[in-house]
Amino acid sequence: MDLGIRGRKAIVNGGSAGMGRGSVLALAREGAEVYVSARGEERLVSACEEITRETGASVTPVVADHSTDEGREKILSACPEPDILVGTCAPPETTGDYRAITVDDWKANLDVTLLSPVQFMQATIDGMVERGWGRIVNIATGAAKYPTQIRILSGAPRAALVNYTVAVSKIVAKHNVMINNILPGMHHTAAIHDRYTALAEQNGTTYEEEVQKFVKAWRIPAGKFGDADDVGAFVALFCSEYANFLTGQSLVIDGGITNSTF
Ligand SMILES: NC(=O)c1ccc[n+]([C@@H]2O[C@H](COP(=O)([O-])OP(=O)(O)OC[C@H]3O[C@@H](n4cnc5c(N)ncnc54)[C@H](OP(=O)(O)O)[C@@H]3O)[C@@H](O)[C@H]2O)c1
């Protein structure tokens, strides 16, 4: 299926690994011209080179921290008029006792999970409106809709992000600027690989055994974690020509872990 975005300019913030990288790959496969940010240069440059080799698309690395003013300036000067904006980051640390969370923990997480995507939207939406075409997707977390103590620092700021995006989506939908969110569950990404490898070392088990423990404890109906590329494919669809009547939605991709009223 041709998603109709060949030649569209895309910024993907947080795209050197995990679901951000899966999104870069899916957009590049569709012929978008992608500008990818991450803080670590080596992993970013090699991800962009690999994706260019595989897809033939133009994929440009921008080494920057998207939660800072300087980082945002650098990203937006590399791609001042994006048609597509995708944003994500590493999962915030899981939280134990809610009383142990400090104000500094909140501030650091709010910068990267909420204020950065909000500032990117503010900087890019007017141009999309003028050009009569825009797609924005935030890759946030299922915990935005399904709160749980271990995800307080991840879920609460993303609930605010989802609320904000829905409010803004209603203002700009008539200009063919569509804003949606993807809310993932548990997926094999760089962050999860590091976390579960460390757990396996600590417990004398394997990565896969630790994953299966989580799958059992949280009763994931699919019986496994998802892959980063599964999410990337949906991001590309939400950024496609076909998404011209889809806005203010937050799609949960979690193997069935959560329950809602359908
Ligand atoms: N993986 C899961 O199972 C899971 C579960 C629920 C929700 N999520 C959510 O899904 C999203 C993606 O998670 P993931 O597991 O794919 O993460 P990941 O594998 O750790 O990848 C995160 C990417 O973002 C980049 N990044 C992080 N902070 C950045 C910053 N300030 N500026 C620029 N780039 C930055 C990282 O590169 P650098 O470190 O080099 O900057 C990397 O490319 C997050 O919102 C997370 O909360 C993930």
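Model, not experiment: these values are computed from the prediction.

### Considering the domain arrangement of the protein
Interface size is commonly expressed as the accessible area that is lost once the parts come together. Split into domains, the protein comes out as domain 1 (9–186 + 229–253) and domain 2 (189–224). One C-alpha centre belongs to domain 1, the other to domain 2, and the line joining them spans 25 Å. The interface is formed by six residues belonging to domain 1 together with six residues belonging to domain 2.

### Points about unusual backbone geometry
The phi dihedral of asparagine 176 is positive, around 65°, even though this residue is not glycine. Assignment of secondary structure puts asparagine 176 in the loop between helix H5 (152–172) and strand E6 (177–184). Even without being glycine, arginine 219 reaches a positive phi, approximately 50°. Relative to the elements of secondary structure, arginine 219 occurs in the loop between helix H7 (207–217) and strand E8 (226–227). For arginine 219, a count of 9 C-beta atoms within 10 Å translates into the label exposed.

### Concerning the site of the ligand
Around the ligand sit 33 residues in total, of which Gly14, Gly18, Gly40, Thr189 and Ala191 are the nearest. Mapped onto the shell around the ligand, the elements with two or more residues apiece are helix H1 (18–29), strand E2 (33–38) and helix H6 (190–203). Considered class by class, the residues forming the shell around the ligand number 15 nonpolar, 15 polar and three charged. When we break the shell around the ligand down by domain, the ones giving at least three residues each are domain 1 (9–186 + 229–253) and domain 2 (189–224).

### What about the packing of helix H4 (residues 103–131) against H5?
At a closest axis distance of 9 Å, the pairing of H4 and H5 adopts a crossing angle of 15°. Between H4 and H5, the angle falls in the class roughly parallel. Every pair of crossing elements has a handedness; the one defined by H4 and H5 is right-handed. Across from Asp105, Asn109, Leu110, Thr113, Leu114, Pro117, Val118, Met121, Ile125 and Val129 in H4, the residues of H5 making contact are Leu153, Pro157, Arg158, Ala160, Leu161, Tyr164, Val168 and Val172.

### Observations concerning the sheet that holds strand E3 (residues 59–63)
Sheet strands associate in pairs through backbone hydrogen bonding, adopting either a parallel or an antiparallel arrangement. Judged by pairing direction, the sheet is parallel, and its seven strands sit side by side in the order E3-E2-E1-E4-E5-E6-E9 without closing on themselves. Looking at which strands have only one partner, the edges of the open sheet turn out to be E3 and strand E9 (250–253). Each adjacent strand pair in this sheet contributes to an overall mean axis angle of 15°, direction not counted. Inspection of the sheet shows E2 paired to E3 by five bridges, in the parallel sense.

### What to know about the packing of H1 against helix H8 (residues 228–238)
One way to put it is that H1 packs onto H8 with a least axis distance of 7 Å and a crossing angle of 50°. By the angle between their directions, the pair H1 and H8 is classed as oblique. In the packing of H1 onto H8, the handedness of the crossing is right-handed. Contacts between H1 and H8 involve Gly18, Met19, Arg21, Gly22, Ser23, Leu25, Ala26 and Leu27 from the first element and Ala228, Asp229, Val231, Gly232, Ala233, Val235 and Ala236 from the second. The residue makeup of the contact of H1 with H8, split by class, is nine nonpolar, four polar and two charged.

### With respect to H5
It helps to recall that an α-helix has 3.6 residues per turn; residues three or four apart then point in one direction. Between the first and last C-alpha of H5 there are 30 Å, a value that for 21 residues agrees with the 30 Å anticipated at 1.5 Å per step. Taken residue by residue, H5 has Ile152, Leu153, Ser154, Gly155, Ala156, Pro157, Arg158, Leu161, Val162, Thr165 and Ser169 as its buried positions. Here the buried face of H5 lies against H4, strand E5 (134–139), E6 and E9.

### Some remarks on the nonpolar core
Leu27, Val34, Val36 and Val235 are the most contacted members of the largest nonpolar core, which totals 55 residues. Leucine 27 has contacts with Ala10, Ala32, Val34, Ile84, Ala236 and Cys239, leaving out every residue within four places of it along the chain.

### A look at the environment of aspartate 2
Topologically, aspartate 2 is positioned in the segment before strand E1 (9–13). Along the sequence, aspartate 2 and tyrosine 242 sit 240 residues apart, while their C-alpha atoms lie 9.7 Å from each other.

### Points about the pairing of E6
A large share of E6 lies buried, amounting to eight of its eight residues. Covered by surrounding structure in E6 are Val177, Ile179, Asn181 and Leu183 together with Met178, Asn180, Ile182 and Pro184, the residues of both alternating faces. Looking at chain direction, E5 and E6 are connected through six bridges and run parallel. Along E6, the bridge assignment pairs arginine 135 with methionine 178. Taken together, the four bridges between E6 and E9 define a ladder with parallel strand orientation. Of the residues in E9, the one forming a bridge with proline 184 is isoleucine 253.

What counts as what
Residues numbered from 1 in each chain as written. Predicted model: local features only at pLDDT ≥ 70, side-chain atom pairs only at ≥ 80, totals over all residues. Domains from an automatic or database assignment. Contact = placed C-beta atoms within 7 Å. Helix = DSSP H or I, 4+ residues; strand = E, 2+ residues; numbered from the N terminus. Buried ≥ 20, exposed ≤ 12 C-beta atoms within 10 Å, placed from the backbone. Near = placed C-beta within 6 Å. Nonpolar A, V, L, I, M, F, W, Y, C, P; charged D, E, K, R; others polar. Axes fitted to C-alpha atoms, helices over the stretch in contact; angles between N-to-C directions. Parallel < 35°, antiparallel > 145°, perpendicular 65-115°, else oblique. Left-handed = near helix turned anticlockwise from the far one by under 90°. Pairing = 2+ DSSP bridges. Expected span 1.5 Å × (residues − 1). Core = buried A, V, L, I, M, F, W, Y, C linked by C-beta atoms within 7 Å.

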